[in-house]
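The primary structure of each chain is shown beneath.
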Amino acid sequence: MIFNNSVTIPSNVRKFLFAPQIRTIKFKRKELLIEQFVNTVRNLSSQGNYRELCDYLSKSNEILLKNSPHLDNVLETLDLQQHSLGVLSVLCVKFSLPNSGNAADSKFVQAQDFINGCNGEQIRLAPDLFSELCHLLTSYLIELKQPMKGILLLKKAISKLQLYDSQLTSIHADLYITGICQEGPHGPNGAQFDAKYYLLYFYYGGMIYLAVRNLDRSLYFLEVAITTPAHAVSHIMLEAYKKYILVSLLLHGKVQMIPKYTSQVVNRFIKPLSQPYHDLANAFASNNSSELNAVLNKHTEAFSRDHNLGLVKQVMTVMYKKNIQRLTKTFLTLSLSDVASRVGLPGPADAERYILHMIEDEQIYATINQKDGMVVFRDEPEKYGGPEVLKNLETQLVLCMELDRQVLAMDEEIQVNPQYVKKASGMQDDEQPNKSTYAM
């Protein structure tokens, strides 16, 4: 059949005839865009125009997202060392896509190969993008419940980004959260470091030190999170403050005062938002176990919601031990039932268990007569005897002698210093009396 110019093709027929051609054109256009991306990355990398490349990559997310089925092919065409910035951009887009079967496994392998083999000089030109990849990788591993895989990899990523060993990066927070999730969940300089990750570093650090019972260090990390200069109270600071109260009670038996340099907005708003914890601290200070139990029962839901119920129970344990220690200053002998009633424990068996633990930890010195259920409290034994004390004394003497030697050496050095001699002799001349004073 022959159509002349006067014949009009129906729209449904026209759509059927030309649809394959339209799809082919769109497909070729996508291929051209992804090919253009690869060529641009290669050319700018070979020329060393990494700044220009970073600007280009920041505008290429949409292209990569639209061509997500071809991202693996793009990665195969780019060299890990020469085109690290291009590979980084592609991996960030891949990790932002939903997980699906084998693709999820390949993502981790690709990220692992990239972090281990990328060019450190290049990725330090795009620290925000590199940190974002690490954040996405951390979330991905936690979602898969495989955080252990990320610990060594994130340590490597940190070393790639750092200019010096003591530099703090936002990836440190990811490293901490993978460590915490591995055990089971409980609850600054440069463009690459966001305030959020600075706070998370110290918050998670405080939690890790708390987990290994280094309470002093834990309290310090939580204090840094609270006292960070701020114009508003963040959720991270609020959670750090709640744990700060609990760790203070565990370590010192009272809530430590927040330093005076803390932002006023923190002092003004953070305390009202932590009222259950202040009620707990006030009950703890009263040494009354009944009052403390009443606070616990009243605010159990809040403590559970904050994932702090375990710490609160530890605070209760500390109060029982504190009250037992107070009894040692008043009584020489006491029955286990009396100890239980005075401290607020359910019965003599609980009192015995607490006392035995405290004796093992050398918190008190006592003996228990299980036959008649009596406890005899004793004074702290003499600690200034034995080979360990002698060895410690010798070590301290060596340190003092070394310090004395250094002071003498500094004194001799100052005495022969020309500037010191000149100044000292000038002062002596000024202090000499004027001869005219003695003239008659």
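Going by the structure above, here's the rest.
Residues numbered from 1 in each chain as written. Predicted model: local features only at pLDDT ≥ 70, side-chain atom pairs only at ≥ 80, totals over all residues. Heavy atoms only, no water.

Enquirer: Describe the pattern of salt bridges, listing the residues and the values that go with them.
Expert: Across all of its chains, the model carries six salt bridges by this definition. One network of salt bridges, with partners in common, ties together Glu239, Lys242 and Asp306. (Salt bridge = Lys/Arg side-chain N within 4 Å of Asp/Glu carboxyl O.)

Enquirer: Summarise the pairing of strand 3 (residues 374–377); cite the residues concerned and give the values.
Expert: Successive side chains on a regular strand alternate, one facing one side of the sheet and the next facing the other. Because side chains alternate across strand 3, one face comprises the buried residues Val375 and Phe377, and the other comprises Met374 and Val376, none of which is buried. Where strand 1 (residues 333–335) lies against strand 3, three bridges are found, and the strand directions are antiparallel. Counted as the bridge partner of Thr333 is Val376 from strand 3. By the bridge criterion, four bridges tie strand 2 (residues 366–369) to strand 3 in an arrangement that is antiparallel. (Buried < 20%, exposed > 50% of the residue type's maximum accessible area, 1.4 Å probe, protein only. Helix = DSSP H or I, 4+ residues; strand = E, 2+ residues; numbered from the N terminus. Pairing = 2+ DSSP bridges.)

Enquirer: Can you explain helix 2 (residues 50–58)? Please cite residues and give values.
Expert: Every buried residue belonging to helix 2 is among Leu53, Cys54 and Leu57, and all of these are buried. Viewed end-on, helix 2 has its buried residues packed into an arc of 105°, placing them on one side of the element. Of the exposed residues in helix 2, those oriented more than 90 degrees away from the buried face are Arg51 and Ser58. (Arc of directions from axis to C-beta.)

Enquirer: If you had to explain the packing of aromatic side chains to someone new, which residues and values would you point to?
Expert: Tallied over the entire structure, the rule returns eleven aromatic pairs. Linked through ring pairs, Tyr201, Phe202, Tyr209, Tyr220 and Phe221 together constitute an aromatic cluster. One Lys or Arg, Lys107, reaches over the ring of Phe95 and ends 5.1 Å from the middle of that ring. (Phe/Tyr/Trp six-rings, centres within 6.5 Å; stacked < 30°, edge-to-face > 60°. Lys NZ or Arg CZ within 6 Å of the ring centre and 35° of its normal.)

Enquirer: I'd like to hear about unusual backbone geometry, residue by residue, with values.
Expert: Positive phi outside glycine occurs at Asn287, with the angle close to 60°. In the Ramachandran plot, Glu362 falls in the positive-phi region, its phi being about 60° despite a non-glycine side chain. Looking at where Glu362 falls in the secondary structure, it is placed in the loop between helix 20 (348–360) and strand 2.

Enquirer: Go over the packing of helix 5 (residues 84–96) against helix 8 (residues 127–143) with me, naming the residues and quoting the values.
Expert: Following both chains from N to C, one finds helix 5 and helix 8 inclined at 30°, their axes separated by 9 Å at the closest point. In terms of orientation, helix 5 and helix 8 fall into the roughly parallel class. For helix 5 against helix 8, the interelement crossing comes out left-handed. Counted together, Leu88, Ser89, Leu91, Cys92, Phe95 and Ser96 of helix 5 and Leu129, Phe130, Leu133, Leu136, Leu137 and Tyr140 of helix 8 form the full contact between these two elements. Among the residues making up the contact of helix 5 with helix 8, the classes are represented as ten nonpolar, two polar and no charged. (Axes fitted to C-alpha atoms, helices over the stretch in contact; angles between N-to-C directions. Parallel < 35°, antiparallel > 145°, perpendicular 65-115°, else oblique. Left-handed = near helix turned anticlockwise from the far one by under 90°. Contact = heavy atoms within 4.5 Å. Nonpolar A, V, L, I, M, F, W, Y, C, P; charged D, E, K, R; others polar.)

Enquirer: Provide a residue-level description of helix 16 (residues 289–298), including the pertinent values.
Expert: Residues of helix 16 that are buried include every one of Ser289, Leu292, Val295 and Leu296, and no others. Along helix 16, the residues classed as buried sweep out an arc of 120° about the axis, all on the same side. With respect to the buried face of helix 16, the exposed residues turned more than 90 degrees away are Ser290, Asn297 and Lys298. On the buried face of helix 16, the contacting elements are helix 15 (275–285), helix 17 (300–305), helix 18 (309–328) and helix 19 (336–343). Sitting at the amino-terminal end of helix 16 is Asn288, which places a side-chain oxygen 2.9 Å from the backbone nitrogen of Ser290. (Polar contact = N/O pair within 3.5 Å; in protein donor to acceptor, adjacent residues only side chain to side chain.)

Enquirer: Please give an account of the side chain of Lys243 that cites residues and values.
Expert: By secondary structure assignment, the location of Lys243 is in helix 13 (residues 235–252). No salt bridge is formed by the buried Lys243, whose closest oppositely charged neighbour, Glu239, lies at an N-O distance of 4.8 Å. Those residues in contact with Lys243 that lie beyond four places of it in its chain are Tyr203, Met207, Leu222, Asp306, Asn308 and Leu311. (Lys, Arg positive; Asp, Glu negative; His and termini not counted.)

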